[in-house]
Amino acid sequence: MSDQDHEHDNDSPVWLTDDDASDAEREEHRSDGERVHSLVSASDMLPERIYLLPIHNRPFFPAQVQPLVINKERWEETMRRVGNTPHHTLGVAFVGEHGVSELGQSDFPEIGTAVKVHKLKSEDQQIQFIAQGVRRFKIQRWLSKEPPYLVEVSYPREPVDAEDEETRAYAMAIINGIKELLPINPLYGEELKHYLNRFSPNQPGPLTDFAAAITSAKGPELQDVLSTLPVADRMHKVLPLLRKEIDVAKLQSEISEQVNAQMQERQREFFLREQLKVIQRELGISKGDRENDVDTFRERLKALKVPERVQGRIDEELNKLSVLETGSPEYGTTRNYLDWLTSLPWGVTSDDKLDLNHARQVLDRDHDGLGDVKERIVEFLAEGTFKGDVGGSIVLLVGPPGVGKTSIGRSIAEALGRKFYRFSVGGMRDEAEIKGHRRTYVGAMPGKLVQAFKEVEVENPVIMLDEIDKLGQSFQGDPASALLEVLDPEQNVDFLDHYLDVRMDLSKVLFVCTANTLDSIPGPLLDRMEQIRLSGYIAEEKMEIAKHHLWPKLLQRNKLPKKRINLTDAALKQVIEGYAREAGVRQLEKQLHRIVRKATVKLLEEPEETVKISLKNLEEFLGAPLFRKEKVLKGEGVVTGLAWTSMGGATLPIEASKIHSLDRGFKLTGKLGDVMQESANIAYSYTLGHLKEYGADPEFFDKAFVHLHVPEGATPKDGPSAGVTMTTALLSLATHKAIDRPLAMTGELTLTGQVLPVGGIREKVIAARRSDIFEVILPEPNRRDYDELPDYLKEGMTVHFANRYKDVANIVFK
């Protein structure tokens, strides 16, 4: 017995009419004294007092005969008392989901079914018996409200007019509905069909109960039918339940037929295909799967110039494939291996277009600005013209985000007429991504380079390794070390992929790598690459890029007519200076996209209007500017420095102030790194030792507590280029001389006053121009870097070069 107090047996129910019951056997006694309960007539006298048994799944109907299984421990006493009665009658009442321990008098329905108990058996924890439904009863009075429940009942009449035309019509509809349901529902056996034939419209009561019981309606709905005494009303409720059951059964049948039809069609197709293969093989007009695979691989090899060492491996694998069973796992592994080996472009190359004019046209068409970078690429291609090819070179494009590193790689491929393949190595942690997995592993695959060859179908593509400065490292391996073999011209002639396990020649590949910064690239890897720096764009270059590339591309992407949207030059310049000051143009493209989106809304709302974006209404599209015009800080102890960041150049004001004269001290703020803190200490020491030389009070710092601050304290700052700027700030404070003009400087200082070279000269000059500072001081060793800058960056600039700090002081303080 389960937690429910009883459950129906899995056997199909048996149904008896009153005629069946009248022919049933009476109770007999065997010679051994055992009493056997047999079916009794339903017309026997029914008692006025009966014991109650609550049931949970669904109500029990009169004339229904079905096995029941109940809990022995809970209902043994009840069944014992029923067995001791001469009539063996039990009342069955539907109580729904209520647990036995929670049952109260109010949980029992007023109407239930009286059943005769037959063939009572007790086994382990269960009691089994056959319940023969006899008649509805109505509880009149409770005699025992605790198990075993005893009640006083009456047997209400069930009003019916069997001769009424409406009743007969309903009875015929129910009979037809049952006959319609039985063929499409396999749950009902043949005995039910025979029993149904014995029903007639003259017995509407049992017929209606039969129809209700064979439906899958919920318990409360069936209890409502059981509690309805007038047969006509009962029929009104049962017929919709029967129709619903028929609809559900039909739908289920249709679904089963569709599934079976699909399965049969597939099986038929499979058998026919197998028969066709056998027939073709017997007639010699077709080959098996294994022969087809071998022929496919040999056909591929005809168009390739496979190296001898690789051809030997392929022949070995083909011989192995020809003797393996097609269903074996090793067959699948060998077939996949041969599929990769024969899909690679062995000896297939594309012809390079070594035309410098064509290269310049492609680079100028795709990119505005970056003149020095374009020239460097043209030089690189010119070098390959004399050699006959440009293979085996590794170019590293370094620059801030959004300056066009990836698109330059595409332009190089187009200028050369080569296939282009790009994959990002950013965040890659597994060296197998580069060199492949060994074939012993399930699901093994070659590395990205072999996949690139299969896709481009030539041996000399341009392969771009994007974000090479963001390679990861984990317990699975070090992909940066795996790239050492790939990017070394001396080693990649015999590159070995773990999956293929044959040597490949990567020397014809032109590798183009991109990075934002060099700090995180391992030294041995960086040493193998030729660096080309992209420093970012000034406002004039951004204007050209926006006009020629970004704005037309956005209009074309959104299918907007150029005549309907007009962006003035003044508004575009304000977008660049007020909303997108980064080194690249990615943020600029986002801001222009915002303008296009808002303009599109206006065009839809006013179809006949033209949207004009000017300086006056720009804030309607983009809101208040993100950047204001930077004011160069002035005053004693305030100097503007120049800094390099991975996002481009930036101006970096440095402030020195005397806090009090109580004691001597030096304080640093501004979230400075170790290198900048050392620069500040060197600057303090140098200034302290040379005050008299620069006309300051030699005892100024003896009683001065000095605070040196680099603004934007939340931003981490570090690097060896602020020594000269910090010394100038301290000297300005000591001499009480403020810098009277826009001036910026960069350079590192030693304790003896030597000015050391720094990096990022181009980015720093661009940052000075962006802040309208046209006079800068640079270290003398950086003169060559400045001379290599394009003329448009040097135009209007006044640049001083300093070997020692004395030169800086003469320039600043005259």
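Please read all numbers here as calculations on a predicted model, not as lab measurements.

Considering helix α24 (residues 761-770)
With respect to burial, α24 is a largely interior element, nine of its 10 residues being buried. Every buried residue belonging to α24 is among I761, R762, E763, K764, V765, I766, A767, A768 and R769, and all of these are buried. Directly after α24, the chain includes D772, whose backbone phi takes a positive value near 60 degrees.

As for the pairing of strand β27 (residues 775-779)
With five of five residues buried, β27 is to be regarded as a mostly interior element. Neither face of β27 is open: one carries E775, I777 and P779, the other V776 and L778, and all of them are buried. Bridge analysis of β27 against strand β28 (residues 798-802) gives five bridges, and the strand direction is parallel. Bridge pairing links I777 to H800 in β28.

Examining the nonpolar core
Ranked by size, the top nonpolar core spans 56 residues in total, and within it L396, I468, L487, F511 and M529 carry the most contacts. Apart from the residues lying within four places of it in its own chain, the contact partners of F511 are S393, I394, V395, L449, I463, L465, V486, L487, N492 and L506. Listed in part, the 52 residues of the second largest apolar core include M464, W551, I565 and L603.

Description of the pattern of salt bridges
Taken as a whole and assessed by the stated rule, the structure comprises 36 salt bridges. One salt bridge connects R81 with E77, and the closest N-O pair in it is separated by 2.9 Å. With R81 and E77 both in helix α2 (residues 72-84), this residue pair falls four residues apart, about one helical turn. The exposure class assigned to R81 is partly exposed, which follows from its relative accessible area of 34%.

Considerations on a nonpolar patch on the surface
On the surface, a cluster of nonpolar side chains totalling about 360 Å² of accessible area is made up of L251, I255, V259 and M263. Turning to its location among the elements, I255 is positioned in helix α7 (residues 231-283). Residue I255 is classed as partly exposed on the basis of its relative accessible area, which comes to 45%.

Quick word on helix α10 (residues 329-343)
The first and last C-alpha atoms of α10 sit 21 Å apart over 15 residues, in line with the 21 Å expected at 1.5 Å per residue. For α10, the full list of buried residues reads Y331, T334, Y337, L338, D339, W340, L341 and T342.

Concerning the packing of helix α11 (residues 356-366) against helix α12 (residues 371-387)
In the contact formed by α11 and α12, the axes pass within 10 Å of each other and the chain directions differ by 155 degrees. Comparing their axes, α12 and α11 come out roughly antiparallel. Our pair here, α11 against α12, has a crossing hand that is right-handed. On the side of α11, the interface is formed by L356, A359, R360, L363 and D364, while α12 contributes K374, E375, I377, V378, L381, A382 and T385. The class makeup of the residues in the contact of α11 with α12 is seven nonpolar, one polar and four charged.

Brief notes about the confidence of the model for the protein chain
Low-pLDDT stretches of the model should not have their predicted coordinates read in fine detail. In this model, the protein chain carries an average pLDDT of 81, and 89% of its residues clear a pLDDT of 70 or more. Confidence drops under a pLDDT of 50 for residues 1-43, and excluding neighbours within four residues, the segment shows 101 contacts in the predicted structure.

A word on the environment of E678
You can see E678 is positioned in helix α22 (residues 674-689). By relative accessible area, E678 is classed as exposed at 52%. Residues E678 and P720 lie 42 residues apart in sequence; the distance between their C-alpha atoms is 9.1 Å.

What to know about the sheet that holds strand β16 (residues 510-515)
Strand order in the open sheet made by the five strands is β12-β13-β16-β11-β17, with parallel pairing throughout. Whereas interior strands pair on both sides, the edge strands pair on one side only; in this sheet they are β12 (420-424) and β17 (530-533). Within the sheet, the average angular offset between the axes of one strand and its neighbour, ignoring direction, is 20 degrees. Sheet topology note: the strand β13 (residues 462-466)/β16 ladder contains four bridges and is parallel. Looking across to β16, one finds that L465 is bridged to C513. α12 contacts β11 (394-398), β16 and β17 of the sheet and is inclined by roughly 150 degrees relative to β17. Packed on one face of the sheet, helix α13 (residues 405-416) meets β11, β12, β13 and β16 and runs near 165 degrees to β16.

What to know about the packing of aromatic side chains
One pass over the structure, following the stated rule, counts 13 aromatic pairs. Considering the side-chain rings of F666 and Y684, the 4.3 Å spacing of their centres and the 15 degrees angle between planes classify their relative orientation as stacked. With a gap of 18 residues between them, F666 in strand β22 (residues 665-669) and Y684 in helix α22 connect regions that are remote in the sequence. Residue class for Y684 comes out buried when judged on its relative accessible area of 11%. Grouping aromatic residues by their ring pairs yields a cluster made of W75, F108, W142 and Y149. We note R439 situated over the ring of Y337; from NZ or CZ to the ring centre the distance is 3.6 Å. Just above the ring of W340 sits the side chain of K454; from NZ or CZ to the centre is 4.2 Å.

Points about the packing of helix α9 (residues 308-323) against α10
Running from N to C, α9 and α10 cross one another at 150 degrees; their axes reach a closest spacing of 10 Å. As far as their axial angle goes, α10 and α9 are roughly antiparallel. In this structure, α9 meets α10 at a crossing whose hand is left-handed. Side by side, α9 and α10 meet where V310, R313, I314, E317, L318, K320 and L321 of the first sit next to E330, Y331, T334, R335, Y337, L338 and L341 of the second. A per-class count over the contact of α9 with α10 returns eight nonpolar, one polar and five charged.

Quick look at the side chain of N460
Examined against the element boundaries, N460 turns out to sit in the loop between α15 (448-456) and β13. Separated by 2.8 Å, the side chain of N460 and the backbone oxygen of S350 make a polar contact. Ignoring anything within four residues of it in the chain, the contact list for N460 reads T349, S350, D352, R418 and K508.

Topic: unusual backbone geometry
The linkage connecting P147 with the following residue, P148, adopts the cis geometry, with an omega of -5 degrees. Tracing the backbone through its elements, the reader meets P148 in the loop between β9 (126-144) and β10 (149-154). For H736, which is not a glycine, the phi torsion comes out positive at approximately 60 degrees. Looking at where H736 falls in the secondary structure, it is placed in the loop between α23 (723-735) and β24 (744-745). Phi angles above zero are rare outside glycine, and D772 is one such case at about 60 degrees.

Rules behind the numbers
- Residues numbered from 1 in each chain as written.
- Predicted model: local features only at pLDDT ≥ 70, side-chain atom pairs only at ≥ 80, totals over all residues.
- Heavy atoms only, no water.
- Buried < 20%, exposed > 50% of the residue type's maximum accessible area, 1.4 Å probe, protein only.
- Helix = DSSP H or I, 4+ residues; strand = E, 2+ residues; numbered from the N terminus.
- Pairing = 2+ DSSP bridges.
- Core = buried A, V, L, I, M, F, W, Y, C linked by side-chain atoms within 4.5 Å.
- Contact = heavy atoms within 4.5 Å.
- Salt bridge = Lys/Arg side-chain N within 4 Å of Asp/Glu carboxyl O.
- Patch = residues over 30% accessible without salt bridge, like charges linked within 9 Å, V, L, I, M, F, W, Y side chains within 5 Å.
- Areas by Shrake-Rupley, 256 points an atom, 1.4 Å probe, with all protein chains shown as cover.
- Expected span 1.5 Å × (residues − 1).
- Axes fitted to C-alpha atoms, helices over the stretch in contact; angles between N-to-C directions.
- Parallel < 35°, antiparallel > 145°, perpendicular 65-115°, else oblique.
- Left-handed = near helix turned anticlockwise from the far one by under 90°.
- Nonpolar A, V, L, I, M, F, W, Y, C, P; charged D, E, K, R; others polar.
- pLDDT = per-residue confidence, 0-100.
- Phe/Tyr/Trp six-rings, centres within 6.5 Å; stacked < 30°, edge-to-face > 60°.
- Lys NZ or Arg CZ within 6 Å of the ring centre and 35° of its normal.
- Polar contact = N/O pair within 3.5 Å; in protein donor to acceptor, adjacent residues only side chain to side chain.

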